[in-house]
Amino acid sequence: MFEPEDIREWRGRNVVDESGSKIGSMESVYVDTASDRPSFATVTVGMPTKHRLVFVPLAGATVGPDYLKVKYDKGAVKDAPWISPDGELPADREAAVFAHYDLHYTPGASGERRLARR
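Residues numbered from 1 in each chain as written. Predicted model: local features only at pLDDT ≥ 70, side-chain atom pairs only at ≥ 80, totals over all residues. Heavy atoms only, no water.

Caption draft 1: Representation of the side chain of aspartate 17 within the structure. Note that aspartate 17 resides in the loop between strand 1 (14-16) and strand 2 (22-32). An unpaired buried charge is present at aspartate 17: no salt bridge exists, and lysine 74, the closest side chain of opposite charge, is 6.9 Å distant. Among the polar contacts listed, one links the side chain of aspartate 17 to the side chain of serine 19, at a separation of 2.8 Å. Polar side-chain contacts of aspartate 17 include one of 3.0 Å to the backbone nitrogen of serine 21. Apart from the residues lying within four places of it in its own chain, the contact partners of aspartate 17 are Ile23, Lys69, Val70, Tyr72, Asp73 and Lys74. (Helix = DSSP H or I, 4+ residues; strand = E, 2+ residues; numbered from the N terminus. Buried < 20%, exposed > 50% of the residue type's maximum accessible area, 1.4 Å probe, protein only. Lys, Arg positive; Asp, Glu negative; His and termini not counted. Salt bridge = Lys/Arg side-chain N within 4 Å of Asp/Glu carboxyl O. Polar contact = N/O pair within 3.5 Å; in protein donor to acceptor, adjacent residues only side chain to side chain. Contact = heavy atoms within 4.5 Å.)

Caption draft 2: Spotlight on unusual backbone geometry. Even without a glycine there, the phi angle at aspartate 36 is positive, about 60°. By secondary structure assignment, the location of aspartate 36 is in the loop between strand 2 and strand 3 (37-47). Located in the positive-phi region is aspartate 102, a residue other than glycine, with phi close to 55°. Assignment of secondary structure puts aspartate 102 in the loop between helix 2 (94-100) and strand 8 (115-117).

Caption draft 3: Representation of the packing of aromatic side chains within the structure. Throughout the structure, instances matching the rule amount to five aromatic pairs. For the ring pair tyrosine 72 and tyrosine 101, a centre distance of 4.7 Å and an interplane angle of 65° mean the geometry is edge-to-face. Of this pair, tyrosine 72 sits in the loop between strand 6 (67-69) and helix 1 (74-78) while tyrosine 101 sits in the loop between helix 2 and strand 8; the two residues are 29 residues apart in sequence, bridging distant segments of the chain. Judged by its relative accessible area of 15%, tyrosine 72 falls in the buried class. Judged by its relative accessible area of 6%, tyrosine 101 falls in the buried class. Ring plane angle 55° and centroid distance 5.0 Å describe the contact between phenylalanine 98 and tyrosine 105, whose orientation is recorded as tilted. By relative accessible area, which is 22% here, tyrosine 105 ends up partly exposed. Every member of this aromatic cluster is reached through a ring pair, and the members are Phe40, Tyr72, Phe98, Tyr101 and Tyr105. (Phe/Tyr/Trp six-rings, centres within 6.5 Å; stacked < 30°, edge-to-face > 60°.)

Here you go:
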């Protein structure tokens, strides 16, 4: 398992599913605002002229020589909520990111966001 502070160094590297199928390349890391630990990554997918960034959880991810392996199937990741390459995740869409992967979502104690881009 990688150390959380090292995950940012993997930007631009391939992201693969458990079977080794390439999903795309890692674009950015979103941390849990409660713990400041990496929680999700965005992965660049799509055609060269129509890229989008999809969200994938980092829990259970491992690293190989030149890739980040996530524990979710390529199809599930590609169907995940997404943003445009220059976009931001709206606060009202955070719950959908968690729900796509059947993960529990609770906003911060004062209603603040759970995910922040780093």
